[in-house]
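Coordinate inspection notes
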Amino acid sequence: AQSVTQPDIHITVSEGASLELRCNYSYGATPYLFWYVQSPGQGLQLLLKYFSGDTLVQGIKGFEAEFKRSQSSFNLRKPSVHWSDAAEYFCAVGMFSGGYNKLIFGAGTRLAVHP
Amino acid sequence: DGGITQSPKYLFRKEGQNVTLSCEQNLNHDAMYWYRQDPGQGLRLIYYSQIVNDFQKGDIAEGYSVSREKKESFPLTVTSAQKNPTAFYLCASSLGAGPEPQHFGDGTRLSIL
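First, a word on scope: everything that follows refers to the structure included in this document. (Residues numbered from 1 in each chain as written. Chains lettered and ligands numbered in written order. Predicted model: local features only at pLDDT ≥ 70, side-chain atom pairs only at ≥ 80, totals over all residues. Heavy atoms only, no water.)

**Some details on the interface of chain A and chain B**
Going by this rule: In what follows, a contact means two residues having at least one pair of non-hydrogen atoms within 4.5 Å. Accessible area that two parts lose when put together, evaluated with a 1.4 Å probe and summed over both, is termed the buried area. Basic side-chain nitrogens of Lys or Arg form a salt bridge, by our definition, when they fall within 4 Å of a carboxyl oxygen of Asp or Glu. Two N or O atoms form a polar contact when they lie within 3.5 Å of each other; inside protein one atom must be a possible hydrogen donor and the other a possible acceptor, and for residues adjacent in sequence the pair counts only when both atoms belong to side chains. Strands are runs of DSSP state E lasting at least 2 residues, helices are runs of H or I lasting at least 4, and numbering of each runs from the N terminus. For this classification, the nonpolar set comprises Ala, Val, Leu, Ile, Met, Phe, Trp, Tyr, Cys and Pro, the charged set comprises Asp, Glu, Lys and Arg, and every other residue, Gly included, is treated as polar.
Chain A puts 22 residues into the contact, and the matching count from chain B is 25 residues. Note on chain A versus chain B: buried area summed over both sides is about 1,800 Å², and carbon and sulfur give 57% of it. At the boundary of chain A and chain B, one finds zero salt bridges. Here chain A and chain B share three residue pairs in polar contact (both at pLDDT 80 or more) between them. If you list the elements that add at least two residues to the side of chain A that touches chain B, you get β5 (32-38), β6 (44-50), β10 (87-97) and β11 (100-105) of chain A. Of all the elements, β11 of chain A adds the most residues to the side of chain A that touches chain B, at five residues. Looking at side-chain class alone, the side of chain A that touches chain B contains twelve nonpolar, eight polar and two charged residues.

**Some points on the side chain of Ser-93 of chain B**
Residues and elements named next belong to chain B. To keep things clear, this is the line we draw: Here's how the labels work: a residue is buried when its accessible area is under 20% of the maximum for its type, exposed when over 50%, partly exposed in between, all with a 1.4 Å probe on protein chains only.
On the secondary structure map, Ser-93 appears in strand β9 (residues 87-94). We classify Ser-93 as buried; its relative accessible area is 0%. There is a polar contact of 2.7 Å between the side chain of Ser-93 and the side chain of His-29. Excluding residues that lie within four positions of it along the chain, Ser-93 makes contacts with Ile-4, Gln-25, Leu-27, His-29, Ala-31, Met-32, Tyr-33, Pro-101, Gln-102 and His-103.

**As for the nonpolar core**
Under the convention used in this document: Throughout this description, the term nonpolar core refers to a set of buried Ala, Val, Leu, Ile, Met, Phe, Trp, Tyr and Cys residues connected via side-chain atoms within 4.5 Å.
Of all hydrophobic cores here, the largest spans 28 residues; its most connected members are Leu-19, Trp-35, Leu-47, Leu-48, Phe-74, Leu-76 and Tyr-89 of chain A. Among the secondary structure elements, those contributing two or more residues to this core are β2 (10-14), β3 (19-21), β5, β6, β8 (64-68), β9 (73-78), β10 and β12 (109-114) of chain A. With residues up to four places along the chain from it excluded, the contact list for Leu-48 of chain A reads Leu-33, Phe-34, Trp-35, Val-57, Gln-58, Gly-59, Phe-63, Glu-64, Ala-65, Phe-74 and Leu-76 of chain A. Listed in part, the 20 residues of the second largest apolar core include Leu-11, Val-19, Cys-23 and Leu-76 of chain B.

**Re the pattern of salt bridges**
Residue and element names in this part refer to chain A. Following the criterion strictly, the structure yields eight salt bridges over all chains and no others. In this structure, the salt-bridge partner of Arg-22 is Asp-8, at a minimum N-O distance of 2.9 Å. Here Arg-22, found in the loop between β3 and β4 (24-26), pairs with Asp-8, found in the loop between β1 (3-5) and β2; they are 14 residues apart in sequence, far enough to count as distant. Overall, the relative accessible area of 38% leaves Arg-22 in the partly exposed class. We classify Asp-8 as buried; its relative accessible area is 18%. For Glu-66, the salt bridge is made with Arg-77, and the minimal N-O distance between the two is 3.2 Å.

This is the structure we're talking about:
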């Protein structure tokens, strides 16, 4: 069965430090991969997506992610974290299944940023 | 600006009551979705609709109902049969049936009185 695992429930980093959020997926075919961010009480905002081609994708707010097929991973990175990056981050696998565009979400990683 | 509008932002339900959550989009998207979000569980799909007058059950449809009479609107009714309705509900839309990103509204938080 298709699934998405985000191993870290909570992560705390200092402002200005680098960040890597992990995402592993289980899917038999070539996946479509997404990272979303959610601020408290808000909806989800798309950070970046991978469909095909270059395995390093750039997104908004200075985020990037690298698709590694051999590791079934799509980790999110940012070289220098800002206090405003504190939020919950969701990795998702997209697939065309049963005639519709289906997203399977990980459980999320909550990021706290220390000043 | 185009987007998805969910209302109300907060909603309270009494025992035995049905409540309806509104979702409207002006993105001209064909597909619309309803998700339920519980702490530590990510998002789970309740219902989805690819076109007007057609919708399908998602992974947790029991106790919920939807309609899609207009392209722009996809209301969700939480019925009295849903015994644990307290959650954050998110509506989303996407351009069509392909693997496009889904765009989300700001959610409705439903609580039990």
